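Observations on chain architecture
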Amino acid sequence: MAGTINVTIQLDRDVKESAEKLFSDFGMNLSTAFNVFARQSLRQGKIPFEIYDSF
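Residues numbered from 1 in each chain as written. Predicted model: local features only at pLDDT ≥ 70, side-chain atom pairs only at ≥ 80, totals over all residues. Heavy atoms only, no water.

Some points on the overall build of the protein chain
Looking only at helices and strands, the protein chain has 2 helices and 0 strands in total. Expected size for 55 residues packed as a compact globule is a radius of gyration near 10 Å; at 13 Å, the protein chain overshoots this value by more than 25%. Based on the C-alpha atoms only, the size of the protein chain along its principal axes is roughly 40 × 25 × 20 Å. By element, 54% of the accessible surface of the protein chain is carried by carbon and sulfur atoms, the whole surface being about 5,500 Å². Charge-centre separation for the protein chain: the mean point of 6 positive side chains lies 10 Å from the mean point of 7 negative side chains. (Helix = DSSP H or I, 4+ residues; strand = E, 2+ residues; numbered from the N terminus. Rg over C-alpha atoms; globule rule 2.2 N^0.38 Å. Areas by Shrake-Rupley, 256 points an atom, 1.4 Å probe, with all protein chains shown as cover. Lys, Arg positive; Asp, Glu negative; His and termini not counted. Charge placed at Lys NZ, Arg CZ, Asp CG, Glu CD.)

What follows is the structure, given as C-alpha cells:
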C-alpha cells in the first residue's frame, strides 16, 4: 500500500459541518469520503457525478 500524505482544502464552515454529518451517517469521516471521491474519479476517468448550473 502506498504511503499517505496530508492535503489541505478550504470549505465554507457550514458546508464542512453538513458534509461531516452526512458522511457520518454512512460511517465515514471527511477524509474517507474524499478518498472515495478521488478513487472513484480515477476509476471512471472523470468526476463521478454530473456538474451543472442550477441557477
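A look at the packing of aromatic side chains
Taken as a whole, this structure holds 2 aromatic pairs when the rule is applied. On the basis of an interplanar angle of 45° and a centroid distance of 6.0 Å, the ring pair of Phe34 and Phe37 is categorised as tilted. With a gap of 3 residues between them, Phe34 and Phe37 both fall in helix α2 (residues 30-44), about one helical turn apart. For Phe34, a relative accessible area of 43% corresponds to the partly exposed category. For the ring pair Phe37 and Phe49, a centre distance of 6.0 Å and an interplane angle of 40° mean the geometry is tilted. Note that Phe37 is positioned in helix α2 and Phe49 in the segment after α2, a separation of 12 residues in sequence. (Phe/Tyr/Trp six-rings, centres within 6.5 Å; stacked < 30°, edge-to-face > 60°. Buried < 20%, exposed > 50% of the residue type's maximum accessible area, 1.4 Å probe, protein only.)

What is shown is where atoms sit, not what they do.
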